[in-house]
Amino acid sequence: IEGHLQAHRRGVAGGRASVPSAAMPDLIFHHYDASPFSEKIRLVFGHKGLAWRSVLQPNVMPKPHLVPLTGGYRKIPVLQVGADVYCDSQAIARALERLHPAPTIFPHGSEGASFMIHFWADRLLFLAAVPVLFGKIGPAVPEAFIEDRKKLMGGGDFRAMMAAGPRFADQLRA
């Protein structure tokens, strides 16, 4: 991990950046730049004005610094806070809100509605959008990425999913 750890501070409007106390462990964020799930958490860091450390992970296996930390979980993002490890962007958002409640990411008590929208966007919308995106950029997708995602999909046919892009585009428009 040495050499891959970078520190970040993202301020928010009005300069209300929170400063970690000596007792608060570093926020260590395992991610890769192109992950939309990682971007969501980077936006939460910025909204809350949190300093965080970055560990860039590969977007395909192997992930020798991540998998041992998570006990086999291979997806991104992952947040490390001291001895605690949070996998999945929803679990990370909840942990950040609990550890750093101000400013909140749930205005006016909207936590339930926010997570309902989060579920819809991350599962239903994302699963419909992926074939559309990869249908358009398919020839440019590295073979290693395709092979990795096939394994993640339980042997699914990634190329058939890319070919289904136009059908899913219709579903998105509906």
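Everything here concerns the structure above.
Computed from a predicted structure; not experimentally measured. (Residues numbered from 1 in each chain as written. Predicted model: local features only at pLDDT ≥ 70, side-chain atom pairs only at ≥ 80, totals over all residues. Heavy atoms only, no water.)

**Concerning unusual backbone geometry**
Put simply, the rule is: Note on conventions: DSSP H or I runs of at least 4 residues are helices, E runs of at least 2 residues are strands, and numbering of each starts at the N terminus. To sort residues, take the accessible area from a 1.4 Å probe on protein chains only and compare it with the maximum for the residue type: under 20% means buried, over 50% means exposed, and anything in between is partly exposed.
Of note, the amide linkage connecting methionine 61 to proline 62 takes the cis form, showing an omega dihedral of 5°. Of the consecutive residues alanine 102 and proline 103, the connecting peptide bond is found in the cis state with omega at -10°. For proline 103, the position within the fold is in the loop between α3 (89–99) and α4 (111–137). In the Ramachandran plot, aspartate 88 falls in the positive-phi region, its phi being about 95° despite a non-glycine side chain. By the secondary structure assignment, aspartate 88 is in the loop between β5 (84–87) and α3. The phi dihedral of histidine 108 is positive, around 55°, even though this residue is not glycine. Within the secondary structure layout, histidine 108 lies in the loop between α3 and α4. Overall, histidine 108 belongs to the exposed group, its relative accessible area being 85%.

**Re the packing of aromatic side chains**
Any pair of aromatic rings gets described here by the distance separating the centres and the angle formed by the planes. For clarity, the threshold we go by: Note on ring pairs: Phe, Tyr and Trp rings are taken, using the six-membered ring of Trp, and paired if centres are within 6.5 Å. Classes follow the plane angle, with under 30 degrees stacked, over 60 edge-to-face and the rest tilted.
Using the criterion set out here, one finds 6 aromatic pairs in the structure. Note on phenylalanine 29 and tryptophan 52: the rings are 5.6 Å apart at their centroids and 85° apart in plane angle, and the pair reads as edge-to-face. Taken together, the residues phenylalanine 29 in strand β2 (residues 27–31) and tryptophan 52 in strand β3 (residues 51–56) connect sequence positions 23 residues apart. Residue phenylalanine 29 is classed as buried on the basis of its relative accessible area, which comes to 0%.

**As for the nonpolar core**
Soluble globular proteins tend to pack their nonpolar side chains together in the buried interior. Using the following cut-off: Only buried Ala, Val, Leu, Ile, Met, Phe, Trp, Tyr and Cys residues count toward a nonpolar core, and they belong to the same one when joined by side-chain atoms within 4.5 Å. For this analysis, residues touch if any pair of their heavy atoms sits within 4.5 Å.
Counting 17 residues, the largest nonpolar core has Leu27, Phe29, Ile41, Phe45, Leu79, Ile92 and Leu96 as the members making the most contacts within it. Where this core is concerned, the elements lending two or more residues are β2, α1 (36–48), β4 (78–81) and α3. Looking at this core element by element, the count peaks at 4 residues for α3. The contact partners of isoleucine 41, leaving out residues within four places of it in the chain, are Phe29, Pro77, Ser89, Ile92, Ala93 and Leu96. Val141, Phe158, Met161 and Met162 belong to the second-largest nonpolar core, a separate cluster that totals 9 residues.

**Side note on the pattern of salt bridges**
Filter applied, for reference: Any carboxyl oxygen of Asp or Glu that lies within 4 Å of a side-chain nitrogen of Lys or Arg is treated as forming a salt bridge with it.
Inspection of every chain in the model, using the stated rule, returns 11 salt bridges. The salt bridge involving glutamate 39 is made with arginine 42; its shortest N-O contact spans 2.9 Å. Pair noted here: glutamate 39 and arginine 42 are both in helix α1, with a separation of 3 residues, about one helical turn. Overall, the relative accessible area of 5% leaves arginine 42 in the buried class. Here arginine 173 ties to aspartate 170 by a salt bridge, and the two come within 2.5 Å at their closest N and O atoms. With arginine 173 and aspartate 170 both in helix α7 (residues 165–173), this residue pair falls 3 residues apart, about one helical turn.

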